[in-house]
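Here are the chains, one letter per residue:
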Amino acid sequence: MNLYDFRYNIDFFFRQFKVYAFDMVGCGFTDKPKASYSPEYFVRFINEVMNFYNIEKASFLASSWGGGHVLYFALKYPDQVKKFILSSPCGIPHKMINIFALLGILLISNIIMLFISKAVTKFIISSMIYHKELVDKILLIPYIFLYLTKGCISSTVKSYMNANFTFVRKNLEMIAAPVLLVWGTRDSVHEKWMMDEMKNRLKNSNLYTIENVGHLPHEEAFDEFNKHALEFLNG
């Protein structure tokens, strides 16, 4: 849910649309207050941002974890949503949540800050993409700075520990806004059945699959991703 994750998408959409791009609370360079960092907390934050900028209705672009939060937002504030473009979104609870919980426990100590390095960051990004040779073309230093910001570790731990999307899964049929789901066939985090369930249960959705791409199709195959997202927005 970091702004930097969408560096290949923001300028592209800015050519035709008014774009509001921001780090979610607890992420990137946005404040990291002591809070629950539950889906409800993130939904309130999105609503407050929209109110601050007097945005009555918007289309949302989100990835993975952020995708689950904006779907939650649609259930709470359906009149404020036009369309969704979701890059391998969360929303279907699965076994990875337990792994994230374990990861959270391991990260509780701020000692982890001492081990954040280019090598560690490279390893994390490599686990998310299929074409490993692209990792060297990614500017890793910004990611390291994000990890080292004050409060990043604690907010990340709480976010993973409280990332319960059961409410979203139970109410997918209630979301009426058009949704474009984008999934890479080499996604090591979200399996195909998750995207199929989401597509089948959302009233107005399409699933676009990109071959040989990992968990971050909006980064790894941004040209193809942007093209189909634009067609969806203009359609």
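A brief structural summary. (Residues numbered from 1 in each chain as written. Predicted model: local features only at pLDDT ≥ 70, side-chain atom pairs only at ≥ 80, totals over all residues. Heavy atoms only, no water.)

Looking now at the overall build of the chain. In terms of helices and strands, the chain carries eleven helices and four strands. Within the chain, the proportion of its 235 residues that are buried is 50%. In the chain, the share of contacts with a sequence separation of at least 24, taken over all contacts with a separation of at least 6, comes to 72%. Of the roughly 12300 Å² of accessible surface on the chain, a fraction of 59% belongs to carbon and sulfur atoms. (Helix = DSSP H or I, 4+ residues; strand = E, 2+ residues; numbered from the N terminus. Buried < 20%, exposed > 50% of the residue type's maximum accessible area, 1.4 Å probe, protein only. Contact = heavy atoms within 4.5 Å. Areas by Shrake-Rupley, 256 points an atom, 1.4 Å probe, with all protein chains shown as cover.)

Before going further, it helps to spend a moment on a nonpolar patch on the surface. A grouping of Tyr20, Phe22, Phe52 and Tyr53 is seen on the molecular surface, where their side chains present a nonpolar patch of about 440 Å² in accessible area. Mapping Phe52 onto the fold places it in helix α2 (residues 39–52). (Patch = residues over 30% accessible without salt bridge, like charges linked within 9 Å, V, L, I, M, F, W, Y side chains within 5 Å. Salt bridge = Lys/Arg side-chain N within 4 Å of Asp/Glu carboxyl O.)

With that settled, consider the environment of Pro217. Looking at where Pro217 falls in the secondary structure, it is placed in helix α10 (residues 217–220). Overall, the relative accessible area of 0% leaves Pro217 in the buried class. When neighbours within four sequence positions are excluded, Pro217 is seen to be in contact with Ser87, Val182, Gly184, Ile210, Phe222 and Phe225.

Right, let's talk about the packing of α2 against helix α3 (residues 65–76) for a bit. For any two helices packed against each other, one specifies the crossing angle of their axes together with the interaxial distance. Between α2 and α3, whose axes approach to 9 Å, the crossing angle comes to 70°. By the angle between their axes, α2 is roughly perpendicular relative to α3. Contact residues: Pro39, Glu40, Phe42, Val43, Ile46, Asn47 and Met50 in α2; His69, Val70, Tyr72, Phe73 and Lys76 in α3. Residues that form the contact of α2 with α3 fall into these classes: eight nonpolar, two polar and two charged. (Axes fitted to C-alpha atoms, helices over the stretch in contact; angles between N-to-C directions. Parallel < 35°, antiparallel > 145°, perpendicular 65-115°, else oblique. Nonpolar A, V, L, I, M, F, W, Y, C, P; charged D, E, K, R; others polar.)

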